[in-house]
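# Reading the structure
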Amino acid sequence: MNARVELWGVRKAFQEDHPNVFWAVDGIDLALPAGGVTVLAGPSGSGKTTLLTLIGCLARPTEGRVRLDGRDISGLPEPFLAALRRQTFGFVFQRFNLIRGLTVLDNVMLPAYPLGPSHRALTRRATALLVRLGIGHRAGALVESLSGGEAQRTAIARALINDPSVLIADEPTANLDTALSLAFLDIVSDLRAEGRTLLLSSHDPLVREASVVDRVVELRDGRVVADHETRAEPAG
Amino acid sequence: MTEWRPALARQRYLLDFTVAAMRRRRARNLGLLVVYGGMVFLLASVLFYTGALKHEAGLLLAEAPEIVVQRMVAGRHDLVPETHAETLRGIRGVRGVQGRLWGYHYDPVVRANYTLLVPPADDIAPGTAVIGPALARARGAGIGDVLSFRGYDGALRAFQIQAVLPQDSGLVSADLFLVAEPDFRALFGVPAGQYTDLALRIPNPREIQTVAEKVLEAAPDSRPILREEMLRTYDAVFDWRSALVLLPLSGALLAFAILAWEKASGLSADERREIGILKAVGWETGDVLAMKLWEGGLLSLLAFLFGTAAAYWHVFGLSAPLLAPVMKGWSVLYPDFRLTPAIDATQLLALFFLTVLPYLAATLVPVWRAAVTDPDEVMR
Ligand SMILES: Nc1ncnc2c1ncn2[C@@H]1O[C@H](COP(=O)(O)OP(=O)(O)OP(=O)(O)O)[C@@H](O)[C@H]1O
Ligand SMILES: [Mg+2]
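Report on the accompanying structure. Starting afresh in each chain, residues are numbered from 1 along the sequence in its written order. The lettering of chains begins at A and the numbering of ligands begins at 1, in the order of writing. Whole-chain, interface and lining totals are the exception, using all residues; otherwise, since this is a predicted model, local features are given only for residues with pLDDT of at least 70 and side-chain atom pairs are given and counted only at 80 or more. Excluding hydrogens and water, the side-chain values take into account all heavy atoms of the structure.

## A few points about the overall build of chain B
Convention followed: Numbered from the N terminus, helices here are DSSP runs of H or I no shorter than four residues, and strands are runs of E no shorter than two. Only protein chains enter the accessibility calculation, which uses a 1.4 Å probe. A residue is then buried if its area is under 20% of the maximum for its type, exposed if over 50%, and partly exposed in between. Note on definitions: a residue-residue contact is assigned when non-hydrogen atoms from the two residues lie within 4.5 Å. Note on areas: Shrake-Rupley with a 1.4 Å probe; residue coverage comes only from the protein chains shown.
Along the backbone of chain B there are 12 helices and 13 strands. Put simply, chain B has 380 residues, and 45% of those count as buried. For chain B, long-range pairs separated by at least 24 residues make up 80% of all intrachain contacts whose partners lie at least 6 apart in sequence. Of the roughly 18900 Å² of accessible surface on chain B, 62% is carried by carbon and sulfur atoms.

Printed below as a string of structure tokens:
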């Protein structure tokens, strides 16, 4: 598992055609080595979510380059970006974005459909993930009936179904109480131990100060204003 | 992905997802199905009905004589004398010439026309009649009852009903009134030795055209009518009538089409969000399109099947109560019989493509637009 993400002079504009063009991300250079947990911190509106979508190939930068293992991915055609979203990056959205009316299991299996794996193998893989995240008993439940913590774990399982090397989570503890937040950090710790790269955005001091975090990057007005290594304990 | 097995499995997954998605939006899809199926139903009904009537007319004319000869006097249809029949019998290629006696009679009681006819076998006893089923129904008459008409001379003539023709005996038997030759002549004032027209039997179809020419030479006041011509006239009349039905219907059809188009092409916020999510978790534009293609395909196929099945039942099971008044023409005594199913495969295929393809196009365009935008935008 190897995914080194580098950003070179990345900028993202909204309302490009308007006279009041707005740069949500305004010139970011950043290198994320493979493995480890990085937290993007900063006040509301500082561009955290926007930056995550640029790294996770959900949107393209207006300017600058995003590289994955030295390869420029910012200009790739859509099918390649879709393949990266499917297999290299797992994305856990702030509001989870599960598909209503489907069961937990179906939601988790969804990202694997385009690959056409055997149904039995896929079901087994998804079930194993749910069990590992402690919600195996909810596999058959409709996602509308889930609690916040269960919905988040479902979203994490969905992000992991194709075994991505990078997991991106936007404000993962925003809807969770302390106990559930700590449980989330345990999951992060496990994933880190597997060698995955984790990239989180968070206001939450509980996350920023967690022992599992290797690095905190502070954003303001779309720029990096601080960047500290925090990690003491070695990676698993 | 180039291997066929995962590609096939992928389609299975997309199909499963589609079926689940359609079930989630049950009300909307049912609405679409009803509107769309109704459209197919109307079109297919007209199609089936026209086809069946043509088929019926074709069967009818198959037994008709190859040439019917009328006599024209100063452009007006007149009686044919027996001497003409003698002349025509002499033409080579003519197997037989039969004088026919028939005419329309208006009955003020039921305000409808009957077709009075002397059957070729002339096996009806004077003073009796055999009547068609619709006529029997209209007059409430059965075997043994007596019906009377006022003849050309104003005298009332009574007929005792000997038999009623069976229900399913065809399109034109409904309003028949079969009588004996002397009764017919008395009623219409046709002198002996005169006929309404002459029926010519010509066994060799290649001689029909030359025989027609020779008929004109031998009897310049005659007008030969070929069976082929009648067949074409029937076709034209039925086509014209189906156009007549479709014309007022076309307004309704257009409204239907617009409604279906709008329903199909509008993408709900829910659907847009779903497409965004699917793309965000790694579905390609092609996957989303394939999924929606399944959805549109399933829906329009169902609508087509329901619509045509309902039309089949309407036309061949119920004898097309919604279309019959226009399609059967001027006779007020509608035949009450089941049409024999006669379906034109190419027409059905055309209907299939005319209903399924536009629907797919209508659904795919907005989906395509949603599916090619960056996933983060669709989700906001
Ligand atoms: N699609 C968009 N169109 C216009 N402006 C946008 C769009 N997306 C984001 N922005 C703006 O870009 C800025 C950065 O937004 P972003 O969501 O990245 O911030 P954030 O750091 O994640 O904030 P928060 O902590 O509140 O989630 C905000 O001012 C936001 O209003
Ligand atoms: Mg945010």
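Back to the text.
## Details of the side chain of K279(B)
Within the secondary structure, K279(B) sits in helix α8 (residues 269–280). Setting aside residues no more than four positions away along its own chain, K279(B) makes contact with E78(A), R85(A), T285(B), V288(B), A371(B), V372(B), T373(B) and P375(B).

## Points about the site of ligand 1
Applicable threshold: Note on definitions. A residue lies near a molecule or strand when any single heavy atom of the residue is within 4 Å of it. Each polar contact in these results corresponds to two N or O atoms within 3.5 Å; when the atoms are within protein, one needs to be able to donate a hydrogen and the other to accept it, and residues that are neighboring in sequence are counted only if both atoms are side-chain atoms.
As a structural note, the neighbourhood of ligand 1 is formed by 14 residues, with S44(A), G45(A), K48(A), T49(A) and T50(A) the closest of them. Each of chains A and B places residues near ligand 1. Here an oxygen atom of ligand 1 and a backbone polar atom of S46(A) are 3.2 Å apart. A distance of 2.5 Å separates an oxygen atom of ligand 1 from a polar atom in the side chain of T50(A).

## Here's the deal with the nonpolar core
Put simply, the rule reads: The definition of a nonpolar core used throughout is a set of buried Ala, Val, Leu, Ile, Met, Phe, Trp, Tyr and Cys residues joined through side-chain atoms within 4.5 Å.
The biggest cluster of nonpolar side chains holds 61 residues, and the ones touching the most others in it are Y113(A), L130(A), F184(A), F17(B) and W283(B). With six residues, helix α5 (residues 148–160) of chain A is the largest single contributor of residues to this core. Ignoring any residue separated from it by four or fewer positions in sequence, one finds L130(A) in contact with V104(A), L105(A), V108(A), I135(A), G136(A), A139(A) and A157(A). Among the nonpolar cores identified, the runner-up in size contains 31 residues, and L52(A), A59(A), F89(A) and F93(A) belong to it.

## Remarks on the side chain of K12(A)
Residues and elements named next belong to chain A. As for its placement among the helices and strands, K12 is situated in strand β1 (residues 5–14). Polar side-chain contacts of K12 include one of 2.9 Å to the backbone oxygen of R60. Contacts of K12, omitting those with residues within four sequence positions, involve F22, W23, A24, V25, T50, L54, A59, R60, P61 and T62.

## Some words on helix α11 (residues 345–372) of chain B
In plain terms, the rule: What a helix should span is 1.5 Å times the count of its residues minus one.
The first and last C-alpha atoms of α11(B) sit 39 Å apart over 28 residues, in line with the 40 Å expected at 1.5 Å per residue. All of the buried residues along α11(B) are L351(B), T355(B), V356(B), Y359(B), L360(B), A362(B), T363(B), P366(B), V367(B), A370(B) and A371(B).

## Quick word on the interface of chain B and chain A
Inclusion rule: In short, buried area is how much 1.4 Å probe accessible area vanishes from two parts on joining, totalled over both. We define a salt bridge as a contact between a side-chain nitrogen of Lys or Arg and a carboxyl oxygen of Asp or Glu at a distance within 4 Å. Three classes are used, and their members are as follows: Ala, Val, Leu, Ile, Met, Phe, Trp, Tyr, Cys and Pro are nonpolar, Asp, Glu, Lys and Arg are charged, and the others, Gly among them, are polar.
Across the boundary between the two partners, chain B contributes 25 residues, which contact 28 residues of chain A. Summed over both sides, the interface of chain B with chain A buries roughly 2400 Å², with 60% coming from carbon and sulfur. Counting across the chain B and chain A interface gives two salt bridges. Close ionic contact of K279(B) with E78(A) constitutes a salt bridge, the shortest N to O distance being 2.9 Å. Where chain B touches chain A, the interface holds eight residue pairs in polar contact (both at pLDDT 80 or more). Secondary-structure elements contributing two or more residues to the side of chain B that touches chain A are α1 (4–24), α8, α9 (285–317) and α12 (375–378) of chain B. Of the residues forming the side of chain B that touches chain A, the biggest block, seven residues, is contributed by α1(B). The class makeup of the residues in the side of chain B that touches chain A is 13 nonpolar, two polar and 10 charged.

## Brief notes about the sheet that holds strand β5 (residues 102–107) of chain B
All names here are of chain B. Formally: Strand pairing requires that DSSP identify at least two bridges connecting the strands. For helices, the fitted axis covers only the stretch in contact; all axes are lines through C-alpha atoms, and the angles between them, taken along N-to-C directions, range from 0 to 180 degrees.
Spatial strand order, β5-β6-β10-β7-β9-β8: six strands in an open sheet with mixed pairing. Here the strands that pair on one side only, and so sit at the sheet edges, are β5 and β8 (146–150). Put simply, the sheet's adjacent strands are angled 35° from each other on average, direction ignored. Here strand β7 (residues 128–131) runs beside strand β9 (residues 156–164); their pairing, made up of four bridges, is parallel.

## A word on the packing of α9(B) against α11(B)
All names here are of chain B. Condition: Each angle receives one of four descriptions, namely roughly parallel if under 35 degrees, roughly antiparallel if over 145, roughly perpendicular if within 65 to 115, and oblique otherwise. The sense of a crossing depends on the near helix, which, turned anticlockwise from the far helix by less than a right angle, makes the crossing left-handed and, turned clockwise, makes it right-handed.
Look at α9 against α11: their axes get within 9 Å of each other, and the N-to-C directions meet at 150°. Classed by the angle they form, the pair α9 and α11 counts as roughly antiparallel. Here α9 runs over α11; the crossing is right-handed. Within the contact between the two elements, α9 uses T285, V288, L289, K292, L293, G296, G297, L299, S300, L301, F304 and T308 and α11 uses L348, L351, F352, T355, V356, Y359, L360, L364, V367, W368, A371 and V372. Of the residues in the contact of α9 with α11, the class split is 17 nonpolar, six polar and one charged.

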